Amino acid sequence: MKFVVRVMYTGKNGWRSWTGRYQRLNGYMRHVIHPKQSPDVLRVIVETKKGSISIQMSDADGNVIFDEKEIGLNAKKNLEQDSQTDTFDVKVAGKVVVEIQAKDHQGRFEIKSIFQ
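Because the structure is a prediction, the values reported are computed rather than measured.

A.B. asks: Can you explain the overall build of the protein? Please cite residues and give values.
C.D. replies: Tallying secondary structure elements over the protein gives 0 helices and 7 strands in all. Secondary structure elements in the protein, listed N-terminal to C-terminal, are β-β-β-β-β-β-β. Its C-alpha atoms give the protein a radius of gyration of 14 Å, within 12% of the compact-globule value 13 Å for 116 residues. Overall, the protein is about 40 × 35 × 25 Å in size when its C-alpha atoms are taken along their principal axes. Per-residue burial over the protein gives 43% buried out of 116 residues. In the protein, 67% of the contacts between residues at least 6 apart in sequence involve partners at least 24 apart. Taken as a whole, the protein presents about 6,900 Å² of accessible surface, with 47% of it coming from carbon and sulfur. A distance of 6 Å separates the average location of the 19 positive side-chain charges in the protein from that of its 14 negative side-chain charges.

Put into structure tokens, the structure is as follows:
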């Protein structure tokens, strides 16, 4: 059984995007994004204050097209900043299944087309 703990979570599960901001996110979440055009590029932005988050994207056939593990794991190693921001651009064609696995992550994520 997959579950998620969301503390002070605000987000938007849109048809073409997915965003979330929270004090704590722990566990598994899944959402399907339908890009406006095909091919398209989805921009993934993750801000980490604490913890880590892993994001995997699969195409309509189940092929993994993006798989980034433990994003933000080293956020506190740079003591000059309160947070770390990571950005990725992912080329997609058609609908995309996005899966998130968070480990006591504090921060935010945003996944949306760069052509919006």
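A.B. asks: How would you explain the packing of aromatic side chains if you had to name every residue and give the values?
C.D. replies: Applying the stated criterion across every chain, the model contains 4 aromatic pairs. On the basis of an interplanar angle of 45° and a centroid distance of 6.3 Å, the ring pair of Y22 and F109 is categorised as tilted. Of this pair, Y22 sits in strand 3 (residues 17-33) while F109 sits in strand 7 (residues 96-113); the two residues are 87 residues apart in sequence, bridging distant segments of the chain. The pair formed by Y22 and F109 is uniform in burial state, with each residue classed as buried. Aromatic rings pair up to connect Y9, W18, Y22 and F109 into one cluster. Across from the ring centre of Y9, 4.9 Å away, lies the NZ or CZ of R6, which sits over that ring.

A.B. asks: Got a sec to walk through the environment of G20? Specific residues and values, please.
C.D. replies: Relative to the elements of secondary structure, G20 occurs in strand 3. Sequence spacing of G20 and K112 is 92 residues, and the spatial spacing of their C-alpha atoms is 12 Å. With residues up to four places along the chain from it excluded, the contact list for G20 reads Y9, T10, G11, G107, R108 and F109.

Reading guide: rules and limits
Positions within a chain are numbered from 1, following the residues in the order the chain's sequence is written. Side-chain atom pairs in this predicted model are given and counted only at pLDDT of 80 or more, local residue features only at pLDDT of at least 70, and totals for whole chains, interfaces and linings cover all residues. As a rule here, side-chain values come from all non-hydrogen atoms in the structure, and water together with hydrogens is ignored. In this description a helix means any DSSP run of H or I spanning at least four residues, a strand means any run of E spanning at least two, and both kinds are numbered starting from the N terminus. Computation of the radius of gyration draws on C-alpha atoms, with the globule rule given as 2.2 Å multiplied by the number of residues to the power 0.38. Per-residue accessibility, obtained with a 1.4 Å probe over protein chains only, is compared with the maximum for each type, and a residue is labelled buried under 20%, exposed over 50%, and partly exposed between these values. Contacts between residues were defined by any pair of non-hydrogen atoms, one from each residue, lying within 4.5 Å. In this description, accessible areas are obtained by the Shrake-Rupley approach with a 1.4 Å probe, and a residue is regarded as covered only by the protein chains that are shown. The charge count treats Lys and Arg as positive and Asp and Glu as negative. His and the chain ends do not count. Working definition for charges: the position is that of NZ of Lys, CZ of Arg, CG of Asp or CD of Glu. In this analysis, rings of Phe, Tyr and Trp, with Trp reduced to its six-membered ring, are considered paired at centre separations within 6.5 Å, and the interplanar angle assigns stacked below 30 degrees, edge-to-face beyond 60, and tilted for intermediate values. Remark: a charge is flagged as sitting over a ring if the NZ atom of Lys or the CZ atom of Arg is within 6 Å of the ring centre and within 35 degrees of the ring normal.

Note that all results are geometric; they support no functional claim without further evidence.
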